[in-house]
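Letter by letter, the chains look like this.
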Amino acid sequence: MGVESRQTTRIIHGMWYGFLVLVGLTMVIPFLWMFSASLKPRAVMKVRDSWYENWVPGEDVTWITLDGEPVRVKKLGMKGGMLGVRVVETGPREGRTMRLRPEEVTEEDAYFARTDDAWNSPAAPADGVKVRLFRTDSAEGALVTLPGHALTEESYLAAFLEETAGWTRVQEQRRDTFAVEWKVIERHPRFGEEFHFPPEKVHEEWREHLAFGNYARAWNAVNLGRGYLNSLVIALVVTFGQVFTSSLAAYAFARLKFKGRDILFFGYLATMMIPGAVTMIPVYVLFAKGPAALDSLLNTTAFTSDLFLFRWIELGKPLGIDSYMALILPGLFSAYGTFMLRQFFMSIPKELEDAARIDGCGSFGIYWHIVLPLSKPALATLAIFTFIGNWKSFMWPLIVCQSSSLRTLPVMLSYFQGEYNTEYQLLMAGSMMALLPVMIVFILGQRYFVSGIRLGAIKG
Amino acid sequence: MEPKKKRRLREALTGYSFILPNFLGFLVFTSGPVVASLCLAFAKWDITTPAEFTGLDNFRVLFSDVKFWKYLWNTLVLMSAIPVSMALALGMAMVLNQKLKGRAVFRTIFFLPSITAGIAVYILWGRLFNKDFGLLGRVLPSFPARVVCSIEALPIYLAAGLVVFLVCRLVLDLKHSERELPVSYFLLPAAGLWLVMLLNAVLSRWAGAPALMPGSGAVAALEGVAGRSGWLNDPWLAKPSLMLMGFWGAMGGYNMILYLAALQNVDPQLYEAAEIDGASRWQKFRHITWPLLTPTTFFIFVTNCIGGFQGGFESAYIMTGGGPPATGVPWTPWAGETISETTTLSYYIFNNAYVYLKMGYAASMAWFLFLLVFAVTMVNWKYGGRRVVY
């Protein structure tokens, strides 16, 4: 034991740190990828050669200089040593939504052409009946030949934007009593024009582009706000309820004497072995048939009609498959929680209770004033476990939630997975938003968590 | 005796009223449904038409349903990852148990996968395994197919090793030998069998020699086929992929924290005494740490087994949609049928109950699962309980 040993200890410690950092990285890197993916603009989810382009959100931009300013183009092909490009630059305000009063929007005229069952709007006659399409999808900028009658003149809507002192094309989005919402559809004046350039004059670069708008889009696409609310409310109610009922029952099992106590407790323990699949089906049937049965029993329609809060917030049905109660009630009872708390309560010294009883405290008083305050760590642990478990639960909410206003976050996130393609950016954005509350709860309650698992393990 | 009797009655009433809310939930949501599902298992019901009693029909179908047994097999294969993830958790716990500053930070980071909503993690990994986009999915074709493909047969090896081990122990008992074989020795014959299989596959590929073990010749033929369509789409690699994801999460999860807590309860004086006696690190682990950890190991193993039988639903639903269709392999009897590779019993029961609306059949399967879990837990309790040192 000397200087030499200290140095080797330091080296060994360094090795362990290195190992821990490595493992930590493998844990964290997927989440970092999730975060970077959530910021990627729409068309960019493809694998690239450089790791930088893979991880940092950005997009490929091809551009030329037109009239002294850079304009985005799309490459068409080489012909005679020259590269053909088409202008695909959209305006700076493209896609922006604004609310205008109906009188601020005017109508103008444009040509519309109909190709493959959809109206492409607007089009501009090129030569004769050849038209060029101005549509925001794969047919964008395409040059098509149509029979004369396919071209019609129609009107489109435009609004005068103060900031540009100019007219901008808009499209109606939503209409309510106060105003109408419009989306700006603006184009570069030379949109759709084709040029030939020597290849060196066509620039390609990869630009960083943090699409923070993905979060807003994810929020709106599946009504994430409602999902958040649902998840939060249900998790909180279940947590409080479970902690309350479990602690009551645990106290009774630990301290009070009554007939059949031990047999009942053994029954509780046995239920921990029952697979969820066994109980899930009858509980589903209970909720499916229950309201109708209750209705006919009590001769009302209260149980099968929809509930509304403040007359416009949908609350689903009071008690049925598509109801909050179906998500909350089954979670209010936990054998594991009762078991863990009972073990903990049994370790609280009896002298305290005897003293309280001498002072004239009833059982509930002892429970409330002595046992509960002393068992804060165990209660906190149970609360955290329950909260996290409930937030994550997927199978039961999947079965129960049929209307979109009832869905919890995990179920809602699963809807980003389409049948043919998955909107990864929006999904990752939504997942990051779903992560946040649980992370906060965990970080704040970490102390209790670890000590509580210790309680459960050693005494169990 | 009057006041005492009255007090006892009062205490009993208080006790019952304390239990009431919890017990009501227990009755309505646990014991009631258990009885109800038992009745349902003997009937045939889709929710719309009234139920009809069919007796043992469901169970008869169950035993002849190839899909059911394949999905049970899938569940067992996925569960064979449990010992490995327990070992990983133990290793990680031992690393974190050392006196390093900032361990709490690492502990939090390692726990991240366990607290995040499962769906985000599943989709993340689904993308990692994707053939075109994923970090892992792209490297597949260079992975030796033979080594990976033998993972499917892991439970066979473990079981065969166990059988060999038990036979050896029986022989030793009959000879009244003093030699006590520890349980972990069953891994030796299991590993031996796996090596033989591997060697056999290599030989039959390179030397053109005939296959020693039935079915292993087919493994060689898979080279070039396995992994062509991405990890999760590949019938051979789908389950190992799920197991890999499980290992990633298990390294820092609940198991690790349990082990950590148990390790911190070990008296350091024991280690000091061992050092004085000149014990090496391995000896210290084997004779001090491991025996003292047996209660925790037992607890973790039992709970993981119970959970493992019911698991796999989310990965099947979100990541694989049930999984790639199984290709017939000589040692499986279901060659040629479109049965899926990553469907577990839990997913199959879910589908039967809520998608195909065969509630009676689903209930009978759930009860079969329950009896299985019960039997395994009893075996664990009896067998493991004897080995636990307190």
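See the structure printed just above.
Remember, it's a predicted structure, so these values are computed and weren't measured experimentally.

## Digging into the overall build of chain A
Here's step 1: Scanning chain A from N- to C-terminus turns up 15 helices and 15 strands.
Here's step 2: Here chain A holds 460 residues, and 46% of them are scored as buried.
Here's step 3: In chain A, once contacts between residues fewer than 6 apart in sequence are set aside, the share between residues at least 24 apart is 66%.
Here's step 4: Here chain A displays about 24,200 Å² of accessible surface, and carbon together with sulfur accounts for 60% of that area.

## Some thoughts on the sheet that holds strand E1 (residues 58–66) of chain A
Residue and element names in this part refer to chain A.
Here's step 1: Overall, antiparallel pairing links the five strands, which are arranged E12-E3-E2-E1-E13 in an open sheet. Of all the strands in the sheet, just strand E12 (194–197) and strand E13 (203–208) have a single pairing partner and so form its edges. Strand-to-strand twist in this sheet, taken as the mean axis angle between neighbours without regard to direction, amounts to 50°.
Here's step 2: Of the strand pairs in this sheet, E1 and strand E2 (residues 69–79) are connected by four bridges, and their pairing is antiparallel. Opposite Leu-66, over in E2, you have Glu-69 as the bridge partner.

## A look at the packing of helix H11 (residues 376–392) of chain A against helix H14 (residues 424–444) of chain A
All names here are of chain A.
Here's step 1: Look at H11 against H14: their axes get within 10 Å of each other, and the N-to-C directions meet at 170°. Considering the angle they form, H11 stands roughly antiparallel to H14. Contact with H11, carried on its side by Ile-384, Phe-387, Ile-388 and Trp-391, involves Ala-434, Pro-437, Val-438, Val-441 and Phe-442 of H14 and no other residues of that element.
Here's step 2: Split by residue class, the contact of H11 with H14 holds nine nonpolar, no polar and no charged.

## Some words on the interface of chain A and chain B
Here's step 1: Taken residue by residue, the interface counts 85 residues in chain A and 84 residues in chain B.
Here's step 2: Scanning the region where chain A abuts chain B turns up eight residue pairs in polar contact (both at pLDDT 80 or more).
Here's step 3: In terms of residues, the side of chain A that touches chain B owes the most to one element, helix H1 (residues 3–38) of chain A, which gives 15 residues.
Here's step 4: Looking at the side of chain A that touches chain B, its residues break down into 62 nonpolar, 16 polar and seven charged.

## Concerning the pairing of strand E3 (residues 82–87) of chain A
Residue and element names in this part refer to chain A.
Here's step 1: Within E3, five of the six residues are buried, which leaves it mostly tucked inside the rest of the structure.
Here's step 2: Pairing analysis gives six bridges linking E2 to E3, with the strands arranged antiparallel. Looking at E3, one finds that Val-73 is bridged to Val-87.
Here's step 3: Of the pairings in the sheet, the one linking E3 to E12 comprises four bridges and is antiparallel in character. Counterpart to Arg-86 in the pairing with E12 is Glu-194.

## A word on the packing of aromatic side chains
Here's step 1: Under the counting rule described, the total for this entry stands at 46 aromatic pairs over all chains.
Here's step 2: Between the aromatic rings of B:Tyr71 and B:Tyr348, the centroid separation amounts to 4.8 Å while the plane-to-plane angle is 65°, which identifies the pairing as edge-to-face. One end of the pair, B:Tyr71, is in helix H3 (residues 66–79); the other, B:Tyr348, is in helix H16 (residues 345–355), with 277 residues separating them in the sequence.
Here's step 3: Look at B:Tyr71 and you get buried, because its relative accessible area is 5%.
Here's step 4: In this structure B:Tyr348 comes out as buried when scored by relative accessible area, which is 9%.
Here's step 5: With 6.4 Å between their ring centres and 70° between their planes, B:Tyr317 and B:Tyr347 make a pair best called edge-to-face. Within this pair, whereas B:Tyr317 is found in helix H15 (residues 313–320), its partner B:Tyr347 is found in helix H16, the two being separated by 30 residues in sequence.
Here's step 6: The class for B:Tyr347 is buried, based on a relative accessible area of 10%.
Here's step 7: By way of ring pairs, the aromatic residues A:Phe253, A:Phe258, A:Phe265, A:Tyr268, A:Phe333, A:Phe339, B:Tyr16, B:Phe23 and B:Phe26 are connected into one cluster.

## A few points about a positive patch on the surface
Here's step 1: A cluster of basic residues, A:Lys257, A:Lys350, A:Arg357, B:Lys4, B:Lys5, B:Lys6, B:Arg7, B:Arg8 and B:Arg10, forms a positive patch at the surface.
Here's step 2: In terms of residue count, helix H1 (residues 2–41) of chain B provides more of the positive patch than any other element does, six residues in total.
Here's step 3: Among the structural elements, B:Lys5 can be located in helix H1.

## Concerning the nonpolar core
Here's step 1: Membership of the largest hydrophobic core comes to 138 residues, with the highest contact counts inside it found for A:Trp396, B:Phe110, B:Tyr354 and B:Met359.
Here's step 2: For B:Tyr354, the residues in contact, after removing those within four places along its chain, are A:Met280, A:Ile281, A:Tyr284, A:Ile399 and B:Met359.
Here's step 3: Counting 33 residues, the second largest nonpolar core, distinct from the first, contains A:Ala254, A:Ile370, A:Val371 and A:Leu379.

## With respect to unusual backbone geometry
Here's step 1: At B:Leu357, a residue that is not glycine, the phi angle is positive and equals roughly 55°.
Here's step 2: Note that B:Leu357 resides in the loop between H16 and helix H17 (359–387).

## Concerning the pattern of salt bridges
Residue and element names in this part refer to chain A.
Here's step 1: Inspection of the entire model under this criterion finds six salt bridges over all chains.
Here's step 2: Arg-255 serves as the salt-bridge partner of Glu-353, at 2.5 Å between the closest nitrogen and oxygen. Placement of Glu-353 in helix H9 (residues 350–358) and of Arg-255 in helix H4 (residues 224–255) is noted, with a sequence separation of 98 residues between them.
Here's step 3: Of the residues examined, Glu-353 reaches a relative accessible area of 5% and is grouped as buried.

## Some thoughts on the side chain of A:Thr279
Here's step 1: Position of A:Thr279 among the secondary structure elements: in helix H6 (residues 276–298).
Here's step 2: The class of A:Thr279 is buried, set by a relative accessible area of 16%.
Here's step 3: Residues in contact with A:Thr279, not counting those within four places in the same chain, are A:Ile274, B:Phe29, B:Thr30, B:Pro33 and B:Val34.

## Examining the environment of A:Trp368
Residues and elements named next belong to chain A.
Here's step 1: Inspection of the secondary structure assignment puts Trp-368 in helix H10 (residues 363–374).
Here's step 2: Assessed through its relative accessible area of 44%, Trp-368 is described here as partly exposed.
Here's step 3: Residues Trp-368 and His-13, 355 residues apart in the sequence, show an inter-C-alpha distance of 48 Å.
Here's step 4: Setting aside residues up to four positions removed in sequence, Trp-368 forms contacts with Phe-244 and Pro-373.

## Observations regarding H6(A)
Residue and element names in this part refer to chain A.
Here's step 1: Relative to the 33 Å expected for 23 residues at 1.5 Å per residue, H6 spans 31 Å between its end C-alpha atoms, a close match to the ideal helical length.
Here's step 2: Largest kink in H6: about 40°, centred on Gly-290, with the proline Pro-291 one to four residues after it.
Here's step 3: Looking one or two places after H6, you find Asn-299, whose phi comes out positive at around 60°.

What counts and how
- Residues numbered from 1 in each chain as written.
- Chains lettered and ligands numbered in written order.
- Predicted model: local features only at pLDDT ≥ 70, side-chain atom pairs only at ≥ 80, totals over all residues.
- Heavy atoms only, no water.
- Helix = DSSP H or I, 4+ residues; strand = E, 2+ residues; numbered from the N terminus.
- Buried < 20%, exposed > 50% of the residue type's maximum accessible area, 1.4 Å probe, protein only.
- Contact = heavy atoms within 4.5 Å.
- Areas by Shrake-Rupley, 256 points an atom, 1.4 Å probe, with all protein chains shown as cover.
- Pairing = 2+ DSSP bridges.
- Axes fitted to C-alpha atoms, helices over the stretch in contact; angles between N-to-C directions.
- Parallel < 35°, antiparallel > 145°, perpendicular 65-115°, else oblique.
- Nonpolar A, V, L, I, M, F, W, Y, C, P; charged D, E, K, R; others polar.
- Polar contact = N/O pair within 3.5 Å; in protein donor to acceptor, adjacent residues only side chain to side chain.
- Phe/Tyr/Trp six-rings, centres within 6.5 Å; stacked < 30°, edge-to-face > 60°.
- Patch = residues over 30% accessible without salt bridge, like charges linked within 9 Å, V, L, I, M, F, W, Y side chains within 5 Å.
- Salt bridge = Lys/Arg side-chain N within 4 Å of Asp/Glu carboxyl O.
- Lys, Arg positive; Asp, Glu negative; His and termini not counted.
- Charge placed at Lys NZ, Arg CZ, Asp CG, Glu CD.
- Core = buried A, V, L, I, M, F, W, Y, C linked by side-chain atoms within 4.5 Å.
- Expected span 1.5 Å × (residues − 1).
- Bend = angle between axes of the 7 residues up to and from the residue.

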